[in-house]
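Below are the chains, spelled out letter by letter.
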Amino acid sequence: IYIMDKGCATHAGWRGADLSDWLTDPLCSVGVQHRHLPPRALDSNVQSDCQCCDRCGGDSVSGVAACAVGDSEERVVIIGAGMTGVASAYWLVQHGFEGHIMVLEQRPGLCYGATGRNGGHMWPTVEATVEDIEDPTIRPDLQQIMDFMKSNFQMVSELIEREHIDCDFTVNGALYCVTSSAEEKEELDYMECMQKYGLDFGFSWWDKARCADELKSTKYMGGVYQTMAAKLWPAKLVHWLANDAVTKGNVSLYFNTEVKQIVPRTTSDDVACISTGKYIVEVEAEGKQVQLACNTVIHGTNAWAWRLFPKGYFLTDEVITPTRGQVALTSPIPASIAPNFSTDDYVAYMIQRNFDGRILLGASGRWCQQHGDPINTTDDSVINKTISAHLHDWIKKKFDKLPGNNGDGQPIVVEKEWTGILGYSKDGRPLIGPLPPLPNENADVSTTTTTKYRHGQYIAAGYTGDGMSMAFAAAKALAEMICGKLHPDQFIACFHPARFDDRQHVPHSL
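For clarity, every value in this text was computed on a predicted model and none was experimentally measured. (Residues numbered from 1 in each chain as written. Predicted model: local features only at pLDDT ≥ 70, side-chain atom pairs only at ≥ 80, totals over all residues. Heavy atoms only, no water.)

Asks: A description of the sheet that holds strand β5 (residues 170-171) should follow, citing residues and the corresponding values.
Replies: Sheet architecture is open: three strands sit in the order β4-β9-β5, paired in antiparallel fashion. Two strands bound the open sheet, and with one partner strand each, they are β4 (121-122) and β5. When β5 meets strand β9 (residues 230-231), the two strands line up antiparallel, connected through two bridges. If you follow V171 over to β9, its bridge partner there is A230. (Pairing = 2+ DSSP bridges. Helix = DSSP H or I, 4+ residues; strand = E, 2+ residues; numbered from the N terminus.)

Asks: I'd love a proper account of the pattern of salt bridges, names of residues and values included.
Replies: Taken as a whole, this structure holds 17 salt bridges when the rule is applied. In this structure, the salt-bridge partner of D189 is K185, at a minimum N-O distance of 2.8 Å. Highlighted residues: D189 and K185, both in helix α7 (residues 181-196), separated by four residues, approximately one helical turn. Given the relative accessible area of 30%, D189 is considered partly exposed. Residue classification places K185 among the exposed residues on the basis of a relative accessible area of 54%. Put simply, R324 and D373 hold a salt bridge, and the shortest N to O gap is 3.0 Å. Taken together, the residues span a long stretch of sequence, with R324 in strand β15 (residues 320-330) and D373 in the loop between α10 (365-370) and α11 (385-398) at a distance of 49 residues. Here R324 matches D373 in class, with each residue buried. (Salt bridge = Lys/Arg side-chain N within 4 Å of Asp/Glu carboxyl O. Buried < 20%, exposed > 50% of the residue type's maximum accessible area, 1.4 Å probe, protein only.)

Asks: Requested: an account of unusual backbone geometry, with residues and values cited.
Replies: Across residues other than glycine, the phi torsion is negative in most instances, and most of the peptide bonds are trans. The phi dihedral of N256 is positive, around 55 degrees, even though this residue is not glycine. Looking at the element boundaries, N256 is found in the loop between β10 (251-255) and β11 (258-264). The backbone of N376 sits at a positive phi, close to 60 degrees, despite the residue not being glycine. Turning to its location among the elements, N376 is positioned in the loop between α10 and α11. A relative accessible area of 32% places N376 in the partly exposed class.

This is the structure:
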């Protein structure tokens, strides 16, 4: 197990508890074939194999095993070291949590999952029909979702500005383009209806000429532009958050550490620890088993979350479906494409990187499934050749005014490709908050509703492609619940995980 905490500062490999040592050459190669590192993490200039940390102790599992000893009343175990998991640790420290925070990651480092593999766009969107927006029973939920996304955007923006975080965060807006008159009418109706009720991310309509100028493409009739959208390197932001949490709080990160199951502890449990934790977290590291006792668990693995629950529990792969998306990276392009871009019902997107002009092309998980990708897959090592061909063709045929496509300069080529796994929820909304109890398990009961909560078990997952627009705020909400500063009843009802639990009714309109 690679361990990162304040104690690592005494090891030769850990220099001043500074994660900047993880940053590598901006032009380093990309691909899982290179030292088994995640494509996007490498492409984000971030090495995720924890070379900056020495192994702690003589035994390979001694670090996490040592944490199985002692009082666990104030221990929080966080599963997953992407944006959700690391941001949860960050916010717990910010809210004054003084207990031990353990972040467990089954892969070799930070951001090996979707956080390190996505294209890097923070594009808040509220998916709804005009009929939904006009419906007075649904509109309040849409307003809450929009406010939540706005708060996430503002908090991330303010943190990056205040702390001078180098993660290439750029507020550049986003443009959704259409190719037919029917699409144009639909999007204009949506934009005008949203604005009518104050549901506005800074919308305006760009005509064909404006789209051609900004996108270097004459293939689109127009589109909805919104000012509240940005691009960034999520992995760099997560590394800063991890460094801050480790430096200021009692936080440890454990890599190559897989959580096998979480079970309620009983008095008959034979656990190699002397503690009073409510749950036993069974961990496997390098073939060895360790049992941790704790009172609080945060599930921050998004598409993988359902795997840790028994059959018969509400949280299955139908509630959060693992869905593979695919990304391609072009050669450098001298022309500037101002906004983030998407089309075809958000199944394809494009972002231009700041430092080298390369364009990231992404195909959404749903589109990938429509073109032969298997459902419920968590294999992010496979490239779908059909989707590759689509992305290659898209950049060449749709962006006819780009240098390289219009006869000027070198032809545009796709240099690298990779995939990542997203978690799509059953209703398109994330699951954020305490989990419902297991069957026949004692539970906390809401003070204002009949909703039952599984004390000490929290989740933020199922972002359905909106992870960067929600995860930071979701982690803050979980930390506030754990620290007693936010009751679940006060949180957004249509995000409650219990809405999928057939044994109880959570009042919400969506």
